Amino acid sequence: MNITINLENIRNISTLLEQEPDIIDNCYTWSIENSKYSTPIYFSIYLNVNIENQPTALISIQTVHGYYELHNVTNFTVFPPDELFFSSLNNDKISSLIISKNSGVSLFANISKDILNSEIAELDSSLVLAALQLSIINK
């Protein structure tokens, strides 16, 4: 089931990012800059996008390194002091786009929920970061 991101969520995001978004129609965009880097990232939330005949939120991130997009958002969590987690659950797989106030971006795609429920010490080292990052939203 997709969630509806509402104006209260937008206010919470703006509070965490310490800035108001630019608004065009159903799109809210923040420019996130880190003083160590000269290029910002652009983080956008498109509200009520019709995907598979369902209104949903679409999250996009544009950086100098690439463009990232997450469809069918099923979970959204603010982790003070500086992170936003957006995730999409599809059957037994989870994808997540994580944005940091310091302009960090992480993308995890098509991760098995079984990995998130595993003992960290028993996982292959290549799976540990995904397990740690996503286990906090897999409650």
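The model shown is predicted, which means the values in this text are computed figures rather than measured ones.

Colleague: Help me understand the sheet that holds strand S3 (residues 41-51) in this model?
Modeller: Within a beta sheet, neighbouring strands are joined by backbone hydrogen bonds and run either parallel or antiparallel to one another. If you walk across this open sheet you meet the five strands as S1-S2-S3-S4-S5, and the pairing is antiparallel. Pairing within the sheet leaves two strands with one partner each, and these edge strands are strand S1 (22-24) and strand S5 (66-70). Geometrically, the sheet is characterised by an average inter-axis angle of 20° between neighbouring strands, direction not taken into account. Pairing of S1 with strand S2 (residues 27-32) involves three bridges; the strand directions are antiparallel. In the strand pairing of S2, Ile24 is matched with Cys27. Contacting S2 and S3, helix H1 (residues 7-17) crosses the sheet at an angle of about 10° to S2.

Colleague: How should I be thinking about unusual backbone geometry in this particular structure?
Modeller: Excluding glycine, residues mostly carry a negative phi; peptide bonds, for their part, are mostly trans. Cis geometry is found at the peptide bond from Pro80 to Pro81, where omega equals 15°. Along the polypeptide, Pro81 turns up in the loop between strand S6 (75-79) and strand S7 (83-90). Backbone geometry places Glu18, a non-glycine residue, at a positive phi of 60°. Structurally, Glu18 can be placed in the loop between H1 and S1. Residues other than glycine seldom take positive phi values, yet Asn72 does so here, at roughly 50°.

Colleague: Any chance you could explain the nonpolar core here in plain terms?
Modeller: Here is a general trend for soluble globular proteins: nonpolar side chains tend to be buried in one another's company. Within the largest apolar cluster, 22 residues are counted, with the highest numbers of intra-cluster contacts made by Phe43, Ile45, Ile59, Phe86 and Ile99. Those elements that provide at least two residues to this core are H1, S2, S3, strand S4 (54-63), S7 and strand S8 (93-100). Not counting residues within four places of it along the chain, the set of residues in contact with Ile99 comprises Ile32, Ile41, Phe43, Ile59, Ile61, Asp82, Glu83, Leu84, Phe86 and Gly104. Residues Ile94, Ile111, Ile115 and Leu123 belong to the second largest nonpolar core, which totals eight residues.

Colleague: Please explain the layout of surface pockets as it appears in this structure.
Modeller: Where empty space is left becomes clear once a probe the size of a water molecule has been rolled over the atoms. For the largest pocket, the calculated volume is near 170 Å³. In terms of lining, the largest pocket is formed by Tyr37, Thr39, Pro40, Ile41, Thr63, Val64, His65, Tyr68, Ser103, Gly104 and Val105. For the lining of the largest pocket, the class distribution of residues is six nonpolar, five polar and no charged.

Colleague: How should H1 be read in this particular structure?
Modeller: Given 3.6 residues per turn, any residue in an α-helix points the same way as the ones three and four places further on. Residues of H1 that are buried: Asn9, Ile10, Ile13, Ser14, Leu16 and Leu17. Down the axis of H1, the smallest arc covering the buried residues is 160°, so these residues share one side. Exposed side of H1, more than 90 degrees from the buried face: Arg11 and Thr15 are the residues found there. Regarding H1, its N-cap is Asn6, as a side-chain oxygen of that residue lies 3.0 Å from the backbone nitrogen of Glu8 further along. Positive phi appears at Glu18, one or two residues downstream of H1, with a value of about 60°.

Colleague: I tried to follow the sheet that holds strand S9 (residues 105-112) on my own but got confused; where do I start?
Modeller: In space, the four strands of this open sheet follow the order S6-S7-S8-S9, with antiparallel pairing throughout. Of all the strands in the sheet, just S6 and S9 have a single pairing partner and so form its edges. The sheet shows a mean angle of 15° between the axes of neighbouring strands, direction not considered. Relative to S8, S7 runs antiparallel, the two being bridged by eight bridges. Looking at the pairing, Asn90 lines up with Lys93 of S8. Taken strand by strand, H1 contacts S6 and S7, and its axis lies near 140° from that of S7.

Cut-offs used in this document
Residues numbered from 1 in each chain as written. Predicted model: local features only at pLDDT ≥ 70, side-chain atom pairs only at ≥ 80, totals over all residues. Heavy atoms only, no water. Pairing = 2+ DSSP bridges. Helix = DSSP H or I, 4+ residues; strand = E, 2+ residues; numbered from the N terminus. Axes fitted to C-alpha atoms, helices over the stretch in contact; angles between N-to-C directions. Contact = heavy atoms within 4.5 Å. Core = buried A, V, L, I, M, F, W, Y, C linked by side-chain atoms within 4.5 Å. Buried < 20%, exposed > 50% of the residue type's maximum accessible area, 1.4 Å probe, protein only. 1 Å grid on protein atoms, 1.4 Å probe; cavity = no way out; pocket = protein on both sides within 12 Å on 5 of 7 lines; lining within 4 Å. Points joined across faces, edges and corners; volume = space filled by probe spheres on them. Nonpolar A, V, L, I, M, F, W, Y, C, P; charged D, E, K, R; others polar. Arc of directions from axis to C-beta. Polar contact = N/O pair within 3.5 Å; in protein donor to acceptor, adjacent residues only side chain to side chain.

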